[in-house]
Amino acid sequence: MTRFILGIDTSCDDTGVGIVELVPASGGTGGGVEVRANRVWSQTVHAQYGGVMPELASREHVERIDSILGDALAESGLDLTDLGAVAATSGPGLVGALLVGLMYGKGLAQALGVPFYAAHHLEGHIFAAASEEQLQAPYLALVVSGGHTHLFDVVQEGDYRLVGATLDDAAGEAFDKVARLCGLGYPGGPAISEAATRGDPDAVPFKEPLKGQKAFDFSFSGLKTAALLAHKAGAKPEDLAASFERAAVGFLVKTTVRAAEHLGRRTVVVSGGVAANRALRDAFAQTGLHVVFPGKGLNTDNGAMIALAGAAAIRAGREPSPLSVGAQAYAPL
Ligand code: KG4
Ligand code: ZN
């Protein structure tokens, strides 16, 4: 049986390599999966441009991936020959960046003579929560990151139905833009959170986006515009941060709870970079739903989440991917 699975994510500007262990069932326990290593190199070269430069991202992945793999092996105490399978992100993301990890993973799998699994980046974000407990479908999965705000109904492993998505900006993107507006730095999410602890959440009124909608979609452009107007009117950055955070978190939680009630789901996975947000975690804890968040270091892009997606595919008896699988910039789940 496959025991150790390597996961690689190079979809954007983080070089992530992780290793998980499939723990066999024994003595009445159903078995599980344990994260043995998770190493991420976050590229800083883009800061001077105010956005990710695709060509620079690819080159940095090429330069870093060997040493990040070495670090992950050292952290796990394993050797390359211990690996029983390799998983890598094939999309969505920047094609040049994706190709680095994908080709590296395929080459490694072939050299080691082990199966290769191509993983969807969002599947990785969802299965990041499997670090905390074995996920039992059906459940809802809210993926909130810098590039995505998607709500899926996971009917069973491999059967994902899109319930709602953002109509404009992703949630993390809105945090980043409001943080930049307030001069709070990048990445904006943690900066907003920190400033919010010193601000008054009642200081700036924000209208609930898409109020009254029957669907389960998201929208952040209205909050962003309201933040801009409040900033121009002289709102203090910490008050703006506190008020914006409360509005964004309230909207995310309310929409997800409505969807859970509508579909009769009791368990919700909340993952992606924004899932690291303390206020979001606290608000979900008040909902009465069984909410599962990824463990530390597994919210933002990383390799262990891709290894966890690989582990889920293996558990479900999915066939390995053909080595002809290519990188895809846009890929629905
Ligand atoms: O998942 P991720 O690393 O990358 C994408 O796939 O997009 O998410 C990064 C995003 C950034 O927009 C960042 O501002 C946001 O996650 N983020 C947060 C927090 N930590 C990271 N947003 C709100 N609160 C946080 N504590
Ligand atoms: Zn991501």
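The shown structure was predicted, so the numbers you read here are calculated from the model rather than taken from an experiment.

Student: How do you make sense of the domain arrangement of the chain when you look at a structure like this?
Tutor: If you check the domain split of the chain, you get domain 1 (4-132 + 298-315) and domain 2 (139-292). If you average the C-alpha positions of domain 1 and of domain 2, the two centres end up 26 Å apart. Every contact between the two is made by 10 residues of domain 1 and, on the other side, 15 residues of domain 2. When residues of the side of domain 1 that touches domain 2 are assigned to their parent elements, the largest contribution, 3 residues, is made by helix α3 (residues 121-127). In terms of residue class, the side of domain 1 that touches domain 2 is made up of 6 nonpolar, 3 polar and 1 charged.

Student: Looking at this structure, how should I read the sheet that holds strand β2 (residues 14-23)?
Tutor: Sheets are built from strands that pair by backbone hydrogen bonding, the pairs being arranged parallel or antiparallel. Strand order in the open sheet formed by 5 strands is β3-β2-β1-β4-β5, and the pairing between neighbours is mixed. Edge positions in the open sheet fall to β3 (32-42) and β5 (116-120), since each of these has one partner strand only. The sheet shows a mean angle of 20 degrees between the axes of neighbouring strands, taken without regard to direction. In this sheet, β3 lies alongside β2 in antiparallel orientation, the contact comprising 10 bridges. When the bridges of β3 are listed, T15 appears paired with W41. Packing of helix α2 (residues 95-112) onto the sheet brings it into contact with β1 (4-9), β4 (83-91) and β5, and relative to β4 it is tilted by some 155 degrees. Of the strands in this sheet, β1, β2, β3, β4 and β5 are in contact with helix α9 (residues 304-315), which crosses β1 at around 130 degrees.

Student: Would you mind going over the pairing of strand β6 (residues 139-144) with me for this structure?
Tutor: Working note: regular strand, side chains alternate between the two faces of the sheet. Across the 6 residues of β6, 6 count as buried, placing the element largely inside the fold. With 6 bridges connecting them, β6 and strand β7 (residues 149-156) associate as antiparallel partners. Pairing of V143 across the sheet is with H150, part of β7. Counting the residues in the hairpin turn of β6 and β7 gives 4 residues.

Student: For this particular structure, what's the right way to read the site of ligand 1?
Tutor: Taken together, 19 residues form the shell around ligand 1, and within it G146, G172, G189, G273 and T300 come nearest. Counted by class, the shell around ligand 1 contains 5 nonpolar, 11 polar and 3 charged residues.

Student: What am I meant to see in the confidence of the model for the chain here?
Tutor: Low pLDDT marks stretches whose predicted atomic positions should not be read closely. Residue-level pLDDT values for the chain average 95, and 98% of them are 70 or greater. This complex was scored by the predictor with a pTM of 0.94 and an ipTM of 0.98.

Student: Explanation requested: the packing of helix α7 (residues 237-263) against helix α8 (residues 278-285) in the structure shown.
Tutor: Axis separation between α7 and α8 bottoms out at 10 Å; the angle between their running directions is 40 degrees. Here α8 runs oblique to α7, going by the angle between their axes. Pair α7 / α8 crosses with right-handed handedness. In this structure, α7 uses E245, R246, V249, G250, L252 and V253 to contact α8, whose residues at the interface are A279, L280, A283 and F284. Looking at the contact of α7 with α8 residue by residue, the class counts come to 7 nonpolar, 1 polar and 2 charged.

Student: How should I be thinking about the nonpolar core in this particular structure?
Tutor: Soluble, globular proteins show a tendency: their nonpolar side chains are buried together. In this structure, A87, I192, A248, A307 and L308 are the most contacted members of the largest nonpolar core, which totals 107 residues. The greatest single-element share of this core, amounting to 12 residues, is contributed by α7. A domain split of this core shows at least three residues from each of domain 1 (4-132 + 298-315) and domain 2 (139-292). Other than its neighbours up to four places away in sequence, A307 contacts I5, L6, G7, G18, I19, V20 and A87.

Student: How should I be thinking about the sheet that holds strand β10 (residues 290-292) in this particular structure?
Tutor: The 5 strands are arranged β8-β7-β6-β9-β10 in an open sheet whose pairing can be described as mixed. At either end of the open sheet lies a strand with only one pairing partner, and these are β8 (159-165) and β10. The average undirected angle you get between the axes of adjacent strands in this sheet is 25 degrees. Here β7 runs beside β8; their pairing, made up of 6 bridges, is antiparallel. Along β8, the bridge assignment pairs Q156 with D159.

Student: Is there a simple way to think about the packing of helix α6 (residues 221-232) against α7 in this case?
Tutor: For any two helices packed against each other, the geometry is given by the interaxial angle and the distance between the axes. Between α6 and α7, whose axes approach to 11 Å, the crossing angle comes to 165 degrees. Here α6 is positioned roughly antiparallel relative to α7, judged by the angle of their axes. You can see that α6 and α7 cross each other, and the crossing is right-handed. Only L240, F244, A247 and A248 of α7 make contact with α6, whose side of the interface consists of L223, A227, A230 and H231. Tallied by class, residues from the contact of α6 with α7 come to 7 nonpolar, 1 polar and no charged.

Student: When you look at the UniProt feature "binding site: substrate" (unreviewed entry) in the chain in this model, what are you seeing that I'm missing?
Tutor: Mapped onto this structure's residue numbering, the UniProt feature "binding site: substrate" (unreviewed entry) falls at V143, V144, S145, G146, G147, D176, G189 and N277. Along the chain, the position of V143 falls in strand β6. For V143, a count of 28 C-beta atoms within 10 Å puts it in the buried group. Beyond its immediate stretch of four places on either side in the chain, V143 contacts L122, H125, I126, H148, H150, S271 and G272. Its location among the elements puts G146 in the loop between β6 and β7. In this structure G146 touches A170, G172, E173, D176 and G273, once residues within four positions along its chain are discounted.

Thresholds applied
- Residues numbered from 1 in each chain as written.
- Chains lettered and ligands numbered in written order.
- Predicted model: local features only at pLDDT ≥ 70, side-chain atom pairs only at ≥ 80, totals over all residues.
- Domains from an automatic or database assignment.
- Contact = placed C-beta atoms within 7 Å.
- Helix = DSSP H or I, 4+ residues; strand = E, 2+ residues; numbered from the N terminus.
- Nonpolar A, V, L, I, M, F, W, Y, C, P; charged D, E, K, R; others polar.
- Pairing = 2+ DSSP bridges.
- Axes fitted to C-alpha atoms, helices over the stretch in contact; angles between N-to-C directions.
- Buried ≥ 20, exposed ≤ 12 C-beta atoms within 10 Å, placed from the backbone.
- Near = placed C-beta within 6 Å.
- pLDDT = per-residue confidence, 0-100.
- Parallel < 35°, antiparallel > 145°, perpendicular 65-115°, else oblique.
- Left-handed = near helix turned anticlockwise from the far one by under 90°.
- Core = buried A, V, L, I, M, F, W, Y, C linked by C-beta atoms within 7 Å.
- UniProt positions renumbered as here; feature names shortened; annotations may be inferred.

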